[in-house]
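# Remarks on the overall topology
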Amino acid sequence: MFRRFTPFAVAKNVYEIDISFFVNLGIKYVVCDLDNTLDAYYQKEPSQQAIEFKKKLDEYNITLILTSNNVKNRVKRYSDCLGVSYLYSCKKPLISKVKKYLVKNHIKKDECIIIGDQVFTDVYFANRLKIKSILCDNLVSKDQFFTKINKFFDKYVRRYLKKHNKLTDWREL
Ligand SMILES: [Mg+2]
């Protein structure tokens, strides 16, 4: 049961990951969650570290795509500022919206990696798509109401995975 919630790797946050890690895996698309992964949900525009991260990916010809369950206004404003493609109201862990996008844009799954802060909406979502994933810790402790409910489940699963040595730090790969 827990296999579907097991990420390819874990990281403290998206910003500690060396770009060479993506390059070595042949990654061309970083499909990243927005809220509490790149920035806090109340951060309306990209932080300096998000801008730097995008810049570094650009240098290696890796495309950043944001996938969020949040509403259009929130995701559009942030993504436009950052200059990246985005998908809003994704309803993750449902995969249909993202799957359609990948097919339409001829993006191969093995050239993607999914990064997020939640086991259910990011890792389970990635595993359903058969795409590698990186599970991050929460960037900030503050969350939106609906996320709080998910987080209860999240903590339980993370504890289980950790206990059974299923969480591999990206540096160990
Ligand atoms: Mg999130």
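Our subject is the structure listed above.
Here we summarise the structure given alongside this text. Along each chain, residues carry numbers from 1 onward, in the same order as the chain's sequence is written. In keeping with the model being predicted, local features are shown solely for residues with a pLDDT of at least 70 and side-chain atom pairs are shown and tallied solely at 80 or more, while totals for entire chains, interfaces and linings include all residues. To obtain the side-chain values, all non-hydrogen atoms of the structure were used and water was disregarded.

## What about the packing of aromatic side chains?
Ring pairs are drawn from Phe, Tyr and Trp, using the six-membered ring of Trp, whenever the two centres fall within 6.5 Å, and their geometry is named by plane angle: stacked under 30 degrees, edge-to-face over 60, tilted for the rest. As enumerated under the stated definition, the model contains twelve aromatic pairs in all. Ring geometry for Phe5 versus Phe153: centroids 5.4 Å apart, planes at 75°, classification edge-to-face. One end of the pair, Phe5, is in the segment before strand S1 (9-11); the other, Phe153, is in helix H6 (residues 145-163), with 148 residues separating them in the sequence. When accessible area is computed with a 1.4 Å probe and restricted to protein chains, residues below 20% of their type maximum are described as buried, those above 50% as exposed, and intermediate ones as partly exposed. A relative accessible area of 26% places Phe153 in the partly exposed class. Between Phe120 and Phe153, the aromatic rings sit 5.7 Å apart at their centres with planes inclined by 80°, giving edge-to-face as the arrangement. One end of the pair, Phe120, is in helix H5 (residues 119-129); the other, Phe153, is in helix H6, with 33 residues separating them in the sequence. Through successive ring pairs, a cluster of aromatic residues spans Phe5, Phe120, Tyr124 and Phe153. The rule for a charge over a ring is simple: NZ of Lys or CZ of Arg within 6 Å of the ring centre, and within 35 degrees of the ring normal. Of note, Lys92 hangs over the ring of Phe125, and the distance from its end group to the ring centre comes to 5.8 Å. For the cation-ring pair, Lys97 lies above Tyr88, with the distance from its terminal atom to the ring centre recorded as 4.3 Å. Numbering of helices and strands runs from the N terminus, with a helix taken as a DSSP run of H or I at least four residues long and a strand as a DSSP run of E at least two residues long.

## Describing a nonpolar patch on the surface
To count toward a patch, a residue needs a relative accessible area above 30% and no salt bridge. Like charges then connect within 9 Å, nonpolar side chains (Val, Leu, Ile, Met, Phe, Trp, Tyr) within 5 Å. Here the Shrake-Rupley method, with its probe set to 1.4 Å, supplies the accessible areas, and only the displayed protein chains count as covering residues. We count a salt bridge whenever a side-chain nitrogen from Lys or Arg sits within 4 Å of a carboxyl oxygen from Asp or Glu. A contiguous nonpolar patch, built from Phe145, Phe146 and Ile149 and spanning about 390 Å² of accessible area, is present on the exposed surface. Inspection of the secondary structure puts Phe146 in helix H6.

## Considering the nonpolar core
Residues Phe22, Val30, Leu38, Phe53, Leu64, Ile115 and Ile134 are the most contacted members of the largest nonpolar core, which totals 27 residues. For this core, the secondary-structure elements that each account for two or more residues are S1, helix H1 (19-24), strand S2 (29-32), helix H2 (48-59), strand S3 (63-67), helix H3 (72-82), strand S5 (112-116) and strand S6 (132-136). Contact definition: two residues touch when any of their heavy atoms are within 4.5 Å. Those residues within four positions of Ile134 in sequence are excluded, and the remaining contacts are Ala9, Val10, Ala11, Ile17, Phe21, Phe22, Ile113, Ile114, Ile115 and Gly116. Nonpolar cores were defined as sets of buried Ala, Val, Leu, Ile, Met, Phe, Trp, Tyr and Cys residues, with membership established by side-chain atoms within 4.5 Å.

## Examining the environment of Leu161
Mapped onto the secondary structure, Leu161 falls in helix H6. Overall, the relative accessible area of 0% leaves Leu161 in the buried class. Sequence separation between Leu161 and Phe2 is 159 residues, and the spatial gap between their C-alpha atoms is 7.5 Å.

## What to know about the side chain of Thr37
With respect to the secondary-structure elements, Thr37 resides in the loop between S2 and H2. Nitrogen and oxygen atoms within 3.5 Å of one another constitute a polar contact, given that in protein one can donate a hydrogen and the other can accept it, and given that sequence-neighbouring residues count only through two side-chain atoms. Here the side chain of Thr37 touches Asp33 through a polar contact of 2.7 Å, side chain to side chain. Excluding residues within four positions of it along the chain, Thr37 makes contact with Val14, Tyr15, Cys32, Ile115, Gly116, Asp117 and Leu139.

## A closer look at the coordination of the magnesium ion
Each metal site is built from N, O and S donor atoms within 2.8 Å (3.2 Å for Na, K and Ca), and since water is not included, such sites may look incomplete. Taken together, the protein ligands of the magnesium ion are Asp33 (OD), Asp35 (O) and Asp117 (OD), with distances of 2.1 to 2.3 Å. Along the chain, the residues that donate to the magnesium ion are spaced as D-x1-D-x81-D. In this pair, Asp35 sits in the loop between S2 and H2 while Asp117 sits in the loop between S5 and H5, placing the two residues 82 residues apart along the sequence. Accessibility classification places Asp35 together with Asp117 in one group, the buried group.

Just geometry here; none of it tells us what the structure is for.
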